[in-house]
Amino acid sequence: MKGWMIVACLLVLSACGQQDDVSVEDEKGAFEAYTDSQVQALEKAKGIEDELKKADEARRKQLEQIQ
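Residues numbered from 1 in each chain as written. Predicted model: local features only at pLDDT ≥ 70, side-chain atom pairs only at ≥ 80, totals over all residues. Heavy atoms only, no water.

A closer look at the overall build of the protein
Along the protein, the regular secondary structure elements total 2 helices and 0 strands. Evaluated residue by residue, the protein yields a buried proportion of 0% over its 67 residues. (Helix = DSSP H or I, 4+ residues; strand = E, 2+ residues; numbered from the N terminus. Buried < 20%, exposed > 50% of the residue type's maximum accessible area, 1.4 Å probe, protein only.)

What to know about the pattern of salt bridges
Applying the stated criterion to the full structure yields 2 salt bridges. Among the ionic pairs, Glu49 bridges to Lys53, the shortest N-O distance being 3.8 Å. Of the two residues, Glu49 and Lys53 are both situated in helix α2 (residues 30–66); the distance of 4 residues between them amounts to about one turn of the helix. On the accessibility criterion, Lys53 (47% relative accessible area) is partly exposed. The salt bridge partner of Asp56 is Arg60, with a shortest N-O separation of 3.3 Å. Placement of both Asp56 and Arg60 in helix α2 is noted, with a separation of 4 residues, approximately one turn of the helix. (Salt bridge = Lys/Arg side-chain N within 4 Å of Asp/Glu carboxyl O.)

Focus on the confidence of the model for the protein
Here the protein averages 80 in pLDDT, while 72% of its residues score no lower than 70. Low pLDDT (under 50) marks residues 18–22, which in the prediction has 0 contacts with non-local residues, meaning those over four places away or in another chain. (pLDDT = per-residue confidence, 0-100. Contact = heavy atoms within 4.5 Å.)

What follows is the structure in structure tokens.
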């Protein structure tokens, strides 16, 4: 009798543990969301920096052609 009760408890506990793992994987924590937003901001800033460098080089070439 005790053996069946232990097996039943183990089955219930293992089923509960599997549900918790699934929900944890689906949701991002505050740190992960913050980190993702910071990475995206850095990527945008690098893209803008590249555009500004290209525009600066184009202006320099135009100035050299005028002189």
